[in-house]
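The primary structure of each chain is shown beneath.
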Amino acid sequence: ERNSTYKTHKNTDISFSPNSVIHAGLSIPILIQGISRPGLQVSIQYHNIGSMYLDNTGSNSSLIPQYEHMEIKLDLEKKILKKSSILFWFALYNVFNAKYVSHGWISSRFHAEQAIDLSADPYLAKDTDSNYFYKGIYPQALRHFCLGLQFEFR
């Protein structure tokens, strides 16, 4: 038999509110095409997201650990015609191949008098001796890249 349990949580973090967020970026023009536009540019972006919770309980079972990742982008812009240009770009995401989770979901806790076989459901987990919950997390992509082509007509 499964029964809902109710518990009041005070002074807990709001769900999906990381305790810190750091974004830093640097763009370096390598070849200058015109007065205000680089012809070839490399950009580096660093992201560090502090730990956060899937719900408002503040329990360790709902914690998403801190994670960080970096991306590098190379842009090549070539002027075509008088006021138009073509932009080629290559981006490498998650440069260091970090395994991390950025989102997920968690159910309310429920009480079960008899033990439940946790191997029967990959989303089922146990909080205490007789309190269970369902939880799903969304792992992010490992190192991957993207190529792009963009036309600009002015």
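Look up a bit, the structure's there.
So, here's what we can say about the structure. A quick note: this is a predicted structure, and the numbers were derived from the prediction, not measured.

### As for the overall build of the protein
Next up, step 1: When you go through the protein residue by residue, the secondary structure sums to zero helices and 12 strands.
Next up, step 2: Along the protein, helices and strands appear, N-terminal first, in the series β-β-β-β-β-β-β-β-β-β-β-β.
Next up, step 3: Relative to a compact globule of 154 residues, whose C-alpha radius of gyration would be 15 Å, the protein shows 23 Å and is clearly more extended.
Next up, step 4: Across the 154 residues of the protein, 29% fall into the buried class.
Next up, step 5: Carbon and sulfur atoms make up 57% of the accessible area of the protein, which amounts to about 10,600 Å² in all.

### Quick look at the side chain of N94
Next up, step 1: Along the chain, N94 falls in the loop between β7 (84–93) and β8 (101–106).
Next up, step 2: According to the relative accessible area criterion, N94 is buried, its value standing at 4%.
Next up, step 3: In this structure the side chain of N94 is engaged in a polar contact, spanning 2.9 Å, whose partner is the backbone oxygen of A98.
Next up, step 4: Look past the residues within four positions of N94 in its chain and what remains in contact with it is H69, M70, Y100, A141, L142 and R143.

### Here we look at the pairing of strand β6 (residues 67–80)
Next up, step 1: Pairing between β6 and β7: nine bridges, direction antiparallel. Note on β7: the bridge partner recorded for L76 is F88.

### Looking at the packing of aromatic side chains
The relation between two aromatic rings is expressed through the spacing of the ring centres and the mutual angle of the planes.
Next up, step 1: For the structure shown, the criterion picks out six aromatic pairs.
Next up, step 2: For the ring pair Y67 and Y100, a centre distance of 4.7 Å and an interplane angle of 10° mean the geometry is stacked. Of this pair, Y67 sits in strand β6 while Y100 sits in the loop between β7 and β8, and the two are 33 residues apart along the sequence. Across this residue pair, the class does not change: Y67 and Y100 are buried.
Next up, step 3: Centre to centre, the rings of F151 and F153 are 6.4 Å apart; their planes meet at 10°, and the pair counts as stacked.
Next up, step 4: Of the residues examined, F151 reaches a relative accessible area of 47% and is grouped as partly exposed.

### Considerations on the pattern of salt bridges
Next up, step 1: One pass over the structure, following the stated rule, counts three salt bridges.
Next up, step 2: The salt bridge involving R109 is made with D55; its shortest N-O contact spans 2.9 Å. With R109 in the loop between β8 and β9 (110–112) and D55 in the loop between β4 (52–53) and β5 (63–64), this residue pair connects regions lying 54 residues apart in the sequence. D55 shares its class with R109; the two are buried.
Next up, step 3: D75 serves as the salt-bridge partner of K73, at 3.8 Å between the closest nitrogen and oxygen.
Next up, step 4: Salt bridges linked by common partners bring D55, R109 and D127 together as one network.

Parameters at a glance
- Residues numbered from 1 in each chain as written.
- Predicted model: local features only at pLDDT ≥ 70, side-chain atom pairs only at ≥ 80, totals over all residues.
- Heavy atoms only, no water.
- Helix = DSSP H or I, 4+ residues; strand = E, 2+ residues; numbered from the N terminus.
- Rg over C-alpha atoms; globule rule 2.2 N^0.38 Å.
- Buried < 20%, exposed > 50% of the residue type's maximum accessible area, 1.4 Å probe, protein only.
- Areas by Shrake-Rupley, 256 points an atom, 1.4 Å probe, with all protein chains shown as cover.
- Polar contact = N/O pair within 3.5 Å; in protein donor to acceptor, adjacent residues only side chain to side chain.
- Contact = heavy atoms within 4.5 Å.
- Pairing = 2+ DSSP bridges.
- Phe/Tyr/Trp six-rings, centres within 6.5 Å; stacked < 30°, edge-to-face > 60°.
- Salt bridge = Lys/Arg side-chain N within 4 Å of Asp/Glu carboxyl O.

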